[in-house]
Amino acid sequence: MEVAMRIGDLAAEAGVTVKAVRYYESQGLLKPRREANGYRAYSAEDVIVVREVKALLSLGLTAEQTYPFIECLRAGNDRADVCPASLTAYRARIAEVDRRIAELTELRIKLADLLTDAENWRTRR
């Protein structure tokens, strides 16, 4: 029988704050069981889920975008990113990054042009 963890133990084990665990739960990413006294009880699998969510959020995915990965883990896979929906989520995030890179590149060109124009304006006067 697996020993249940309290929220603080889960947070420490997964390397997140208690507030983060509560947020993940509010987003439906964690579904702890409730003990008779009403306390949340977390499992070793929940540690894996929290670590995965933390890693995905650090890559810029939203909590909602982590759902396919968590479902992949819950389906019994050793990795959260081997399911088709997870691969689709990766592709969507890469497309978002590519769009942002294009926007920033365009912005940099505009700023550099303005800087050059401003620097040359003084010499034209």
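Above this text you will find the structure in question.
Computed from a predicted structure; not experimentally measured. The residue numbering used here restarts from 1 in each chain and proceeds along that chain's sequence as written. Totals for whole chains, interfaces and linings use every residue, but because this is a predicted model, local features are given only for residues with pLDDT of at least 70 and side-chain atom pairs only at 80 or more, for both listing and counting. Excluding hydrogens and water, the side-chain values take into account all heavy atoms of the structure.

Points about a nonpolar patch on the surface
Stated precisely, the cut-off is as follows: To count toward a patch, a residue needs a relative accessible area over 30% and no salt bridge; like charges are then connected within 9 Å, while nonpolar side chains (Val, Leu, Ile, Met, Phe, Trp, Tyr) are connected within 5 Å. Calculation of accessible area relied on Shrake-Rupley with a 1.4 Å probe; when residues are assessed, cover is drawn exclusively from the protein chains displayed. We define a salt bridge as a contact between a side-chain nitrogen of Lys or Arg and a carboxyl oxygen of Asp or Glu at a distance within 4 Å. The helix and strand labels rest on DSSP assignments: H or I over at least four residues marks a helix, E over at least two residues marks a strand, and numbering proceeds from the N terminus. Think of it in three bands: residues with accessible area under 20% of the maximum for their type are buried, residues over 50% are exposed, and the middle band is partly exposed, with areas taken using a 1.4 Å probe on protein chains only.
Taken together, Leu104, Leu107, Leu111 and Leu114 make up a surface patch of nonpolar side chains, about 390 Å² in accessible area. Position of leucine 107 among the secondary structure elements: in helix H5 (residues 84-124). A relative accessible area of 44% places leucine 107 in the partly exposed class.

Observations concerning the nonpolar core
What counts is decided by this rule: Side-chain atoms within 4.5 Å are what join buried Ala, Val, Leu, Ile, Met, Phe, Trp, Tyr and Cys residues into a set we call a nonpolar core.
Residues Leu10, Val16, Val21, Tyr24, Leu30, Tyr42 and Val50 are the most contacted members of the largest nonpolar core, which totals 24 residues. Breaking this core down by element, the ones donating at least two residues are helix H1 (7-14), helix H2 (18-26), helix H3 (44-58) and helix H4 (67-74). The leading source of residues in this core is H3, at five residues.

Overview of H3
We apply this condition: How far a helix is expected to stretch is found by multiplying one less than its residue total by 1.5 Å. We call two residues in contact when some of their heavy atoms are within 4.5 Å.
Over its 15 residues, H3 runs 22 Å from end to end, which matches the ideal 21 Å to within 8%, given 1.5 Å per residue. Looking only at H3, the buried set comprises Asp46, Val47, Val49, Val50, Val53 and Leu56. Tucked into the core, H3 has its buried residues touching H1, H2, strand S2 (40-41) and H4.

Quick notes on the packing of H3 against H4
Short version of the rule: For helices, the axis comes from a line fit to the C-alpha atoms of the stretch in contact; other axes are also lines fit to C-alpha atoms, and the angle between any two N-to-C directions lies between 0 and 180 degrees. Any angle from 65 to 115 degrees is called roughly perpendicular, while one under 35 is roughly parallel, one over 145 is roughly antiparallel, and all others are oblique. Here a crossing is taken to be left-handed if its near helix is turned anticlockwise relative to the far helix by less than a right angle, and right-handed if that turn runs clockwise. Under this grouping Gly is polar, as are all residues other than the nonpolar Ala, Val, Leu, Ile, Met, Phe, Trp, Tyr, Cys and Pro and the charged Asp, Glu, Lys and Arg.
Put simply, H3 and H4 touch, their axes get as near as 10 Å, and they point 155° apart. What the angle tells us is that H3 and H4 run roughly antiparallel. The handedness of the crossing between H3 and H4 is right-handed. Contact with H3, carried on its side by Ile48, Val49, Glu52, Val53 and Leu56, involves Phe69, Ile70 and Leu73 of H4 and no other residues of that element. Taken together, the residues of the contact of H3 with H4 sort by class into seven nonpolar, no polar and one charged.

Quick look at the side chain of aspartate 46
The criterion, for reference: All tallies of charge rest on Lys and Arg as positive and Asp and Glu as negative; His and the ends of each chain are not included.
The topology assignment puts aspartate 46 in helix H3. One buried charged residue, aspartate 46, remains without a salt bridge, the closest side chain of opposite sign being arginine 74 at 5.2 Å. The residues contacting aspartate 46, other than those within four sequence positions of it, are Leu10, Leu30 and Ala41.

As for the packing of H1 against H2
Where H1 contacts H2, the axes come no closer than 8 Å and their chain directions differ by 100°. Here H1 is positioned roughly perpendicular relative to H2, judged by the angle of their axes. Every residue of H2 that contacts H1 at Ile7, Gly8, Leu10 and Ala11 is listed here: Val18, Val21 and Arg22. Across the contact of H1 with H2, the residue classes tally to five nonpolar, one polar and one charged.

Digging into the side chain of serine 43
The line we're drawing: Here a polar contact is taken to be a pair of N or O atoms separated by no more than 3.5 Å, where protein atoms must pair a possible hydrogen donor with a possible acceptor and residues adjacent in sequence count only if both atoms sit in side chains.
Along the polypeptide, serine 43 turns up in the loop between S2 and H3. Under the relative-accessibility criterion, serine 43 is labelled buried at 18%. Within the structure, serine 43 has its side chain in polar contact with the side chain of glutamate 45 (distance 3.1 Å).

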